[in-house]
Amino acid sequence: MARQEENKGTAGPEAPDNRRLALVIFLAWLVPGLGHVLLRRTGRGLLFAGLVFGSLWLGLSHQGKLALRDPAQPFLTSLQVIANIGVGPADFIARKFVYGESALTIPKQGTHPDRIQRVAIQRARASSGLSIYGTAYLWTAGIFNLLLLFDVWDIGRGRKW
Amino acid sequence: MVKSHFLHLLLYSTLVSVFFAMLLKSDRKEQLKFGGIIWIAMVGGVLALAWLMSPFPS
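Nothing here was measured: the structure is a model prediction, and the numbers come from that model.

Asks: Break down the overall build of chain B for me, citing the residues and quoting the values.
Replies: Counting its regular elements, chain B contains 2 helices and 0 strands. On C-alpha atoms alone, chain B measures out to a radius of gyration of 14 Å, which is more than a quarter above the 10 Å that the 2.2 N^0.38 rule sets for 58 residues. In terms of its C-alpha atoms, chain B occupies a principal-axis envelope of roughly 45 × 30 × 10 Å. Taken across its 58 residues, chain B has 10% of its residues classed as buried.

This is the structure we're talking about:
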């Protein structure tokens, strides 16, 4: 409580208004680390960018699974997709390379050509013994960036220095 | 591509501990201490669990 009182109004004159802060958060999602750079935490922003992109690179280079929402298991696969797209447009670019398009779902029908193709791609990537690590790196990159968005929000609102 | 499972443990623990130390602490000394604790907890926890499981091979 005392700490909350202490932190009140510490944002100072440079604190962005809500609309600008929303834009900064959106930009932080587009480019991991950019939110911190825009809020004058350049060193941290660059380090965070390195960690997020490093994790993404490790995930892709270890044949990590880019999750697709499967109607057979909608809840868990949706959470996986959210973890993946947390990293921003880089995830959609990666999907374009892996699936040939920015696919986020697997069609429901068992014989749909897209379903057959995407399941085959996922199985081929999972055949590598290290794919499970790649998948963990991919989720980690996305979740790191989602946490960074909350951090940007806290800094922008003056709750954190 | 890193093929060693143990190196992945070290790499992943380092990634996570550096991230959370930078995210949650602002002072350099605190960052080192907090990051070190996370790293040791992750690596030590996995090794301890592996040791506990060693009498029960699959």
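Additional details are given in the paragraphs that follow.
Asks: So what about helix α2 (residues 18-30) of chain A? Which residues, and what values?
Replies: Residues and elements named next belong to chain A. Taking 1.5 Å of rise per residue, 13 residues should cover 18 Å, and α2 covers 18 Å from first to last C-alpha, within 8% of that figure. Every buried residue of α2 is accounted for by V24, A28 and W29. Projection of α2 onto a plane perpendicular to its axis shows the buried side chains occupying an angular sector of 140°, all on one side. The exposed set on the far side of α2, more than 90 degrees from its buried face, consists of R19, R20 and L30. For α2, the elements touching its buried residues are α3 (34-38) and α8 (131-156).

Asks: Lay out the UniProt feature "transmembrane region" (unreviewed entry) in chain A with the relevant residues and their values.
Replies: All names here are of chain A. Here, UniProt's "transmembrane region" (unreviewed entry) annotation points to residues 20-39, 46-64 and 136-153. Helix makes up 84% of residues 46-64 and strand 0%, with an end-to-end C-alpha separation of 24 Å. Within the segment residues 136-153, helix and strand shares are 100% and 0% respectively, and the terminal C-alpha atoms sit 26 Å apart.

Asks: If you had to explain the interface of chain A and chain B to someone new, which residues and values would you point to?
Replies: When the parts of a complex come together, some accessible area is lost, and that lost area is often taken as the interface size. Between chain A and chain B, the contact holds 15 residues from the first and 10 residues from the second. Of all elements in the fold, only α4 (42-61) and α8 of chain A reach the threshold of two or more residues within the side of chain A that touches chain B. Here the residues of the side of chain A that touches chain B sort into 9 nonpolar, 4 polar and 2 charged.

Asks: Please set out the UniProt feature "domain: DUF6677" (unreviewed entry) in chain A residue by residue, giving values where relevant.
Replies: Per the UniProt record, "domain: DUF6677" (unreviewed entry) is annotated on residues 24-153 of chain A. Structurally, residues 24-153 of chain A is divided into 71% helix and 0% strand, and its ends, taken at the C-alpha atoms, are 9 Å apart.

Asks: How would you sum up the nonpolar core? Please name residues and give values.
Replies: Ranked by size, the top nonpolar core spans 32 residues in total, and within it V52 and A141 of chain A carry the most contacts. Aside from chain neighbours lying at most four places away, what touches A141 of chain A is V52, S55, L56, G59 and V87 of chain A.

Asks: Kindly report on the environment of W139 of chain A, identifying the contributing residues and their values.
Replies: Residue and element names in this part refer to chain A. By the element assignment, W139 lies in helix α8. A tally of 22 C-beta atoms within 10 Å means that W139 is categorised as buried. Along the chain, W139 and G86 lie 53 residues apart, while their C-alpha atoms are 8.4 Å from each other. Every residue in contact with W139, bar those within four places of it in the chain, is listed here: A83 and N84.

Asks: Give me the lowdown on the packing of α4 of chain A against α8 of chain A, citing residues and values where you can.
Replies: Residues and elements named next belong to chain A. In the contact formed by α4 and α8, the axes pass within 7 Å of each other and the chain directions differ by 155°. Accordingly, the angle class assigned to the pair α4 and α8 is roughly antiparallel. Both α4 and α8 take part in a crossing whose hand is left-handed. Across the interface between the two elements, F48, L51, V52, S55, L56, L58 and G59 of α4 pack against G134, T135, Y137, L138, T140, A141, F144, N145 and L148 of α8.

Asks: I'd love a proper account of unusual backbone geometry, names of residues and values included.
Replies: Residues and elements named next belong to chain A. Phi at R40 takes a positive value of approximately 65°, unusual for a residue other than glycine. Look at R40 and you get exposed, because 10 C-beta atoms sit within 10 Å. Notably, Q63 is not glycine yet its phi reads approximately 60°, a positive angle. For Q63, a count of 20 C-beta atoms within 10 Å gives the class buried.

Asks: Describe helix α6 (residues 89-99) of chain A, naming the residues involved and giving the relevant values.
Replies: All names here are of chain A. Listing the buried residues of α6 in full gives A90, D91 and A94. Projected down its long axis, α6 shows its buried positions confined to an angular sector of 100°, all on one face. In α6, those exposed residues whose orientation departs by more than 90 degrees from the buried face are P89, I93 and K96. Buried positions along α6 lie against α4, α5 (74-85) and α8. At the C-terminal side of α6, G100 shows a positive phi close to 90°.

Rules of the game
Residues numbered from 1 in each chain as written. Chains lettered and ligands numbered in written order. Predicted model: local features only at pLDDT ≥ 70, side-chain atom pairs only at ≥ 80, totals over all residues. Helix = DSSP H or I, 4+ residues; strand = E, 2+ residues; numbered from the N terminus. Rg over C-alpha atoms; globule rule 2.2 N^0.38 Å. Buried ≥ 20, exposed ≤ 12 C-beta atoms within 10 Å, placed from the backbone. Expected span 1.5 Å × (residues − 1). Arc of directions from axis to C-beta. Contact = placed C-beta atoms within 7 Å. UniProt positions renumbered as here; feature names shortened; annotations may be inferred. Nonpolar A, V, L, I, M, F, W, Y, C, P; charged D, E, K, R; others polar. Core = buried A, V, L, I, M, F, W, Y, C linked by C-beta atoms within 7 Å. Axes fitted to C-alpha atoms, helices over the stretch in contact; angles between N-to-C directions. Parallel < 35°, antiparallel > 145°, perpendicular 65-115°, else oblique. Left-handed = near helix turned anticlockwise from the far one by under 90°.

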